[in-house]
Amino acid sequence: MDELDSDQARMVVDAALRCGHRAPRKAALEQLTKWGEHDRAQTLAANDADATIRAWGRKAHATQESLFD
């Protein structure tokens, strides 16, 4: 994401949030968390169809940090 300007990074994250695969959605949620958008990431994770992402959201909300930080 460092190579992209902020508008481009937002477009990539928004596209990843709509992806049908878990990994891009999770990466996008982690990026939102890095940007300080904890509430948005947690809300999106809580409503995700994938149990792994919902669990990540609960953990990220409890620690307020990414799994990879």
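Notes on the structure follow. What you see is a predicted model, and the numbers here were worked out from it, not measured in a lab.

Here's the deal with the pattern of salt bridges
Close approach of charged atoms allows side chains with opposite charge to pair. By the definition in use, this model includes 5 salt bridges. Here Arg-40 and Asp-14 are joined by a salt bridge, their closest N and O atoms 3.5 Å apart. Of this pair, Arg-40 sits in helix 3 (residues 38–46) while Asp-14 sits in helix 1 (residues 6–17); the two residues are 26 residues apart in sequence, bridging distant segments of the chain. A relative accessible area of 28% places Asp-14 in the partly exposed class. Asp-50 is the salt-bridge partner of Arg-22, the closest N and O atoms lying 3.9 Å from each other. Placement of Arg-22 in helix 2 (residues 22–34) and of Asp-50 in the loop between helix 3 and helix 4 (51–63) is noted, with a sequence separation of 28 residues between them. When salt bridges that share partners are traced, they join Arg-10, Asp-14, Glu-37 and Arg-40 into one network.

Comments concerning the environment of Glu-37
Tracing the backbone shows Glu-37 in the loop between helix 2 and helix 3. With near-sequence residues (within four places) excluded, Glu-37 lies in contact with Arg-10 and Leu-32. Within polar-contact distance, the side chain of Glu-37 engages the side chain of Arg-10 at 2.5 Å.

What counts and how
Residues numbered from 1 in each chain as written. Predicted model: local features only at pLDDT ≥ 70, side-chain atom pairs only at ≥ 80, totals over all residues. Heavy atoms only, no water. Salt bridge = Lys/Arg side-chain N within 4 Å of Asp/Glu carboxyl O. Helix = DSSP H or I, 4+ residues; strand = E, 2+ residues; numbered from the N terminus. Buried < 20%, exposed > 50% of the residue type's maximum accessible area, 1.4 Å probe, protein only. Contact = heavy atoms within 4.5 Å. Polar contact = N/O pair within 3.5 Å; in protein donor to acceptor, adjacent residues only side chain to side chain.

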